[in-house]
Amino acid sequence: MKINRNFDNLVPNYLFADVARKTNEFAAAHPEKEIIRLGIGDVTLPLAPIVVAAMKKGCEDLLHKETFKGYPEYEGYDFVREAIAGYYGSFGVTVHADEIFVSDGAKSDCGNLPDIFAQDNTVLVTDPVYPVYVDANLMAGRNIIYAPSCKENNFLAMPDENVKADIIYLCSPNNPTGAAYSADQLAVWVDYALKNDAILLYDAAYEAFIEDGSPRSIFAVDGARQCAIELCSLSKTAGFTGTRCGYTVIPKELKRDGHSLHELWYRRQATKFNGVSWPVQCAAAEVFGREGLQQIRENLEYYKQNAKIISDALDELGIYYTGGKNSPYIWMECPGGMGSWEFFDYLLQNAAVVGTPGEGFGKSGKGFFRLTSFNSREKTLEAVGRIKNLLK
Ligand code: MLT
């Protein structure tokens, strides 16, 4: 037998696994140091009470013959899809419940969606990039091209009309840079996709952090229903990183090569995915209710305040960054011309603070570094104090 040799094209380790390994080695060598982790974007606040109550009620249902649930619908229960469609409506975007697929998260969906596209499509990603878009397509043997995001374009890469791509991943607000596209900029991407018969895979996982009126969904842009699929997640919106739930929207009219992409994705999911458990879907629906939205807003505000504490410190230090607003991520230039991994080591050794080296997100991340606002207020303040002491 032969293994999938496309794996030879991957970097040896998943970025966050590398960061965790280096951090653990440092912790073992320096048990006396209190390490503060602003690396992986994992939430720290608990789920909203109303969400947990719905999950408990869902578990209770499983205890009784009359209310027990077996396999869920492949595309999610109707009441969850209705709740998500209502959420889109609350910010003025029309998405129909029957266009929504409930899933175990945007990470799986952005890695799995290319299953419905031929291998010889060219994939375009903005660079730096969430590594899953790249790795999933390398595993499938696809050619990947990069649109550099950099200081000159405020880390918001725009399409080059001389470059032809078939599948385009966009993430806004962006992971890792925190930068968010304006409606006009997204309209340029939609226009490019329509002209090239391409598909935009639009990752809106951080939409709940938007505070300046930037679009919360690609479907806020005219023409997107003819060229875009949107992925979203409850991980950062409502603290579901461990609970796992997300959703993908595929307009019914979206076709390529004479086929409905909605139907192809349904076919793919029915074959390889058995849906999200009843208690989790009960919990997810509650996120989008009036009280749920109010409760999750408190957590989002907490993280946004942490982001402001970090970005204010960088302002004081005179360090260039993007993000910090509209996003839980702060994408900073490494001081003194240090390389990304060099600064990672410097910060870990001298301040016991962990971030994520920008270079791990791609070539254009060289010389940059990502901090997250997901730790507690106390630890964020402590980390910022240490960073200021070190870099002033
Ligand atoms: C990150 O730190 O970039 C995220 O936690 C990754 C993810 O959402 O999978």
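Notes on the structure in this doc start here. (Residues numbered from 1 in each chain as written. Predicted model: local features only at pLDDT ≥ 70, side-chain atom pairs only at ≥ 80, totals over all residues. Heavy atoms only, no water.)

1. Observations concerning the nonpolar core
Nonpolar side chains in soluble globular proteins tend to be buried together.
Consideration 1: By size, the foremost hydrophobic cluster in this structure holds 132 residues, and its most contacted members are Ile168, Leu200, Ile218, Ile229, Phe240 and Tyr247.
Consideration 2: Considering every element that reaches this core, the biggest residue donor is helix H10 (residues 290–317), with nine residues. (Core = buried A, V, L, I, M, F, W, Y, C linked by side-chain atoms within 4.5 Å. Buried < 20%, exposed > 50% of the residue type's maximum accessible area, 1.4 Å probe, protein only. Helix = DSSP H or I, 4+ residues; strand = E, 2+ residues; numbered from the N terminus.)

2. What to know about the site of the ligand
Consideration 1: For the ligand, the full set of nearby residues is Phe16, Ile40, Gly41, Lys107, Tyr130, Asn175, Lys236, Tyr329 and Arg370.
Consideration 2: Between the ligand and Asn175, the relevant distance is 2.8 Å, taken from an oxygen atom to a side-chain nitrogen or oxygen of the residue.
Consideration 3: Between the ligand and Lys236, the relevant distance is 2.9 Å, taken from an oxygen atom to a side-chain nitrogen or oxygen of the residue.
Consideration 4: Burial of the ligand by the protein amounts to 84% of the accessible area it has alone, namely 270 Å². (Near = heavy atom within 4 Å. Polar contact = N/O pair within 3.5 Å; in protein donor to acceptor, adjacent residues only side chain to side chain. Areas by Shrake-Rupley, 256 points an atom, 1.4 Å probe, with all protein chains shown as cover.)

3. Digging into helix H6 (residues 183–196)
Consideration 1: With 14 residues, H6 extends 20 Å from end C-alpha to end C-alpha; this agrees with the ideal 20 Å at 1.5 Å per step.
Consideration 2: Turning to H6, the residues buried within the fold contact strand E3 (122–127), strand E5 (167–171) and strand E6 (199–203).
Consideration 3: Of the residues one or two after H6, Asp197 is the one with positive phi, at around 60 degrees. (Expected span 1.5 Å × (residues − 1). Contact = heavy atoms within 4.5 Å.)

4. Re the packing of H10 against helix H12 (residues 377–391)
Consideration 1: Where H10 meets H12, the closest approach of the two axes is 10 Å, and the angle between their N-to-C directions is 10 degrees. By the criterion of interaxial angle, the relationship of H10 to H12 is roughly parallel. Where H10 approaches H12, its residues Tyr302, Gln305, Asn306, Ile309, Ile310, Ala313, Glu316 and Leu317 are matched on the opposing element by Arg377, Glu378, Thr380, Leu381, Val384, Ile387, Lys388 and Leu391.
Consideration 2: For the contact of H10 with H12, the per-class residue count stands at nine nonpolar, three polar and four charged. (Axes fitted to C-alpha atoms, helices over the stretch in contact; angles between N-to-C directions. Parallel < 35°, antiparallel > 145°, perpendicular 65-115°, else oblique. Nonpolar A, V, L, I, M, F, W, Y, C, P; charged D, E, K, R; others polar.)

5. Section: the sheet that holds E3
Consideration 1: The seven strands are arranged E2-E8-E7-E6-E5-E3-E4 in an open sheet whose pairing can be described as mixed. Sheet topology places strand E2 (100–103) and strand E4 (143–148) at the edges, where each strand pairs with a single neighbour. Averaged over all adjacent pairs, the angle separating strand axes in this sheet is 20 degrees, with direction ignored.
Consideration 2: With four bridges connecting them, E6 and strand E7 (residues 228–233) associate as parallel partners. Bridge pairing links Leu200 to Ala228 in E7.
Consideration 3: On top of the sheet, helix H3 (residues 78–90) reaches E2, E7 and strand E8 (246–249); it is set at about 115 degrees to E2, its chief contact. (Pairing = 2+ DSSP bridges.)

6. Some remarks on the side chain of Ser233
Consideration 1: You can see Ser233 is positioned in strand E7.
Consideration 2: Here Ser235 takes part through its backbone nitrogen, which lies 2.9 Å from a polar atom of the side chain of Ser233.
Consideration 3: Among residues more than four places away in sequence, those in contact with Ser233 are Ala106, Ala205, Cys245 and Gly246.

7. Some details on the packing of aromatic side chains
Consideration 1: Taken as a whole, this structure holds 28 aromatic pairs when the rule is applied.
Consideration 2: Ring centres of Tyr77 and Trp278 lie 5.0 Å apart, and the angle between their planes is 85 degrees; this geometry places the pair in the edge-to-face category. One end of the pair, Tyr77, is in the loop between helix H2 (49–62) and H3; the other, Trp278, is in helix H9 (residues 278–287), and 201 residues separate them in sequence.
Consideration 3: Owing to a relative accessible area of 12%, Tyr77 belongs among the buried residues under this scheme.
Consideration 4: Overall, the relative accessible area of 14% leaves Trp278 in the buried class.
Consideration 5: Ring centres of Trp331 and Phe368 lie 5.6 Å apart, and the angle between their planes is 5 degrees; on these two criteria the pair is classed as stacked. (Phe/Tyr/Trp six-rings, centres within 6.5 Å; stacked < 30°, edge-to-face > 60°.)

Read these as geometric descriptors, not functional statements.
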